[in-house]
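Chain by chain, the residues:
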Amino acid sequence: MALKVVAEVAEQVPGDDFQELEDKVYRTIEMYKAARQAQSAAERDSQRLRQQLEEHDEQIETLRREAVQLRKEREVIRGRVEKMLDQIESISEEQAS
């Protein structure tokens, strides 16, 4: 069936026009292959970027937790330092009296 169609087209289309049509078909095939390769590359890049984004999100969450922990520790230390300063101040007042 396909050969019959090709034969009919070949009879209807002069040789130069057929060659031109064949060239266009091959160029279209090459463009299609290139587009498929570009799509595959884009999908790989997209997957890689999603993975990097996920890793960065995890890092950000870890840093947030660490920052909260450091703030808590800072408050504890601040309380201890204030307590020590109060004790030093009371000792100083006792010696001044």
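Before reading on, note that the structure itself is shown above.
For clarity, every value in this text was computed on a predicted model and none was experimentally measured. (Residues numbered from 1 in each chain as written. Predicted model: local features only at pLDDT ≥ 70, side-chain atom pairs only at ≥ 80, totals over all residues. Heavy atoms only, no water.)

Draft legend 1. Examining a negative patch on the surface more closely. Among the surface-exposed residues, Glu82, Asp86, Glu89, Glu93 and Glu94 lie close enough to one another that they form a single negatively charged patch. Looking at the element boundaries, glutamate 94 is found in helix 2 (residues 15-96). A relative accessible area of 60% means that glutamate 94 is categorised as exposed. (Patch = residues over 30% accessible without salt bridge, like charges linked within 9 Å, V, L, I, M, F, W, Y side chains within 5 Å. Areas by Shrake-Rupley, 256 points an atom, 1.4 Å probe, with all protein chains shown as cover. Salt bridge = Lys/Arg side-chain N within 4 Å of Asp/Glu carboxyl O. Lys, Arg positive; Asp, Glu negative; His and termini not counted. Charge placed at Lys NZ, Arg CZ, Asp CG, Glu CD. Helix = DSSP H or I, 4+ residues; strand = E, 2+ residues; numbered from the N terminus. Buried < 20%, exposed > 50% of the residue type's maximum accessible area, 1.4 Å probe, protein only.)

Draft legend 2. Structural detail: the pattern of salt bridges. Tallying each qualifying case throughout the model produces five salt bridges. The residue glutamate 30 makes a salt bridge to lysine 33 at a minimum N-O spacing of 3.8 Å. Placement of both glutamate 30 and lysine 33 in helix 2 is noted, with a separation of three residues, approximately one turn of the helix. One salt bridge connects arginine 64 with glutamate 61, and the closest N-O pair in it is separated by 3.9 Å. With arginine 64 and glutamate 61 both in helix 2 and three residues apart, the pair spans about one turn of that helix. A relative accessible area of 53% means that arginine 64 is categorised as exposed. Taking the relative accessible area as the measure of exposure, glutamate 61 reaches 34% and is therefore partly exposed.

Draft legend 3. Here's a closer look at a nonpolar patch on the surface. On the surface, Ile77, Val81, Met84, Leu85 and Ile88 cluster together into a nonpolar patch covering about 470 Å² of accessible area. Take valine 81: it is sitting in helix 2.

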